[in-house]
Amino acid sequence: MGKATGMATYTLPELPYDYSSLEPVISGEIIELHHDKHHAGYVKGANDTLEQLAEAREKEQWGNITGLEKNLAFHLSGHILHSIYWRNMTGDGGGEPLEKDGTGELADAIAESFGSFARFKAQLSKASATTQGSGWGVLAYEPLSGRLVVEQVYDHQGNIGQGSVPILVFDAWEHAFYLQYRNQKVDFVEAMWRVVNWQDVSARYTAAKAGGGKLLLA
Ligand SMILES: [Fe+2]
């Protein structure tokens, strides 16, 4: 490694609760593996890829630039989505944002963007449960229109609009549920609503909205 490489940029965040805190919706065994092994792997992958890119720059060896850029997108997006995912959940979760977020702003935004909470819930559930291969269902703030949108993310980084800020993410990879739900992804997605931390989602919405005007400076 050359001198331009060095310190790790990304670190694995600690879980805000015990492994078993989301039971019975998600088993402690799944959370432990998911956080300690899978998420940790994306953190390492993002840091390793940054080092490899630094080495490529230093040596001016660009033969694998396409692979490196793809790996950066994959691992970095995996790290970001999982960091949001843990905070999006709580053992004391569920219900609807109107009851939980205190201000009603998120509930209003969901109603304006999707027609009603029920229609939003149906869309995010369907998008999550019908991912092909590996992916996520995501509620995101889209800053150009100021709307909320549901995205069906492919792997961690595909099929998304540039600039959209994820505020509620449902991990639909098999590692998120298979030990407990086997092949019943629909059941897992339905159960996920019982652990949604609406206070966290609401705080993310407020922050995304505040920062949204910076997307286009022209
Ligand atoms: Fe995951």
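Residues numbered from 1 in each chain as written. Predicted model: local features only at pLDDT ≥ 70, side-chain atom pairs only at ≥ 80, totals over all residues. Heavy atoms only, no water.

- Looking up the protein in an unreviewed UniProt entry gives the name Superoxide dismutase, with the organism given as Streptomyces harbinensis.
- Its UniProt record, at the heading Sequence similarities (unreviewed entry), says of the protein: "Belongs to the iron/manganese superoxide dismutase family."
- The UniProt entry for the protein carries the following text under Function (unreviewed entry): "Destroys radicals which are normally produced within the cells and which are toxic to biological systems." (UniProt positions renumbered as here; feature names shortened; annotations may be inferred.)

1. Things to note about the packing of aromatic side chains
Here is step 1 of the chain: Under the defined criterion, the tally for this structure stands at 16 aromatic pairs.
Here is step 2 of the chain: When the centroid spacing of 6.2 Å and the interplanar angle of 50° are considered together, the rings of Phe 74 and Trp 173 count as tilted. Of the two residues, Phe 74 is situated in helix H2 (residues 65-88) and Trp 173 in the loop between strand S3 (165-171) and helix H6 (178-181); the sequence distance between them amounts to 99 residues.
Here is step 3 of the chain: An aromatic cluster of at least three residues, connected via ring pairs, comprises Phe 114, Phe 117, Phe 120, Phe 170, Trp 193 and Trp 198. (Phe/Tyr/Trp six-rings, centres within 6.5 Å; stacked < 30°, edge-to-face > 60°. Helix = DSSP H or I, 4+ residues; strand = E, 2+ residues; numbered from the N terminus.)

2. Some thoughts on the coordination of the iron ion
Here is step 1 of the chain: The iron ion binds to the protein through His 34 (NE2), His 82 (NE2), Asp 171 (OD) and His 175 (NE2), with metal-donor distances spanning 1.9 to 2.1 Å.
Here is step 2 of the chain: Here the donor residues for the iron ion map to a single chain with the spacing H-x47-H-x88-D-x3-H. You can see His 34 sitting in helix H1 (residues 28-59) and its partner Asp 171 sitting in strand S3, a full 137 residues away along the chain.
Here is step 3 of the chain: The exposure class of Asp 171 is buried, given its relative accessible area of 1%. (Donors = N, O, S within 2.8 Å, 3.2 Å for Na, K, Ca; no water. Buried < 20%, exposed > 50% of the residue type's maximum accessible area, 1.4 Å probe, protein only.)

3. Structural notes on the UniProt feature "domain: Manganese/iron superoxide dismutase C-terminal" (unreviewed entry) in the protein
Here is step 1 of the chain: The feature "domain: Manganese/iron superoxide dismutase C-terminal" (unreviewed entry), as annotated in UniProt, sits at residues 103-204 in this numbering.
Here is step 2 of the chain: Helix and strand shares over residues 103-204 are 41% and 23% respectively, and the end C-alpha atoms of the span are 13 Å apart.

4. Considerations on the nonpolar core
Here is step 1 of the chain: Ranked by internal contacts, the top residues of the largest apolar core, which has 50 residues, are Ile 26, Tyr 85, Phe 120, Leu 148 and Trp 198.
Here is step 2 of the chain: Beyond its immediate sequence surroundings of up to four residues, Leu 148 is in contact with Leu 106, Ala 109, Ile 110, Ser 113, Phe 114, Leu 139, Ala 140, Tyr 141, Ile 167 and Tyr 205. (Core = buried A, V, L, I, M, F, W, Y, C linked by side-chain atoms within 4.5 Å. Contact = heavy atoms within 4.5 Å.)

5. Things to note about the layout of surface pockets
Here is step 1 of the chain: Of the voids in this model, the largest pocket is the one considered here, and its volume is about 410 Å³.
Here is step 2 of the chain: Forming the boundary of the largest pocket are 18 residues, of which Ser 77, Ile 80, Ile 160, Ser 164 and Pro 166 lie nearest the centre.
Here is step 3 of the chain: The set of elements that each furnish at least two residues to the lining of the largest pocket consists of H2, strand S1 (135-142), strand S2 (147-154) and S3.
Here is step 4 of the chain: Looking at the lining of the largest pocket residue by residue, the classes come out as nine nonpolar, seven polar and two charged. (1 Å grid on protein atoms, 1.4 Å probe; cavity = no way out; pocket = protein on both sides within 12 Å on 5 of 7 lines; lining within 4 Å. Points joined across faces, edges and corners; volume = space filled by probe spheres on them. Nonpolar A, V, L, I, M, F, W, Y, C, P; charged D, E, K, R; others polar.)

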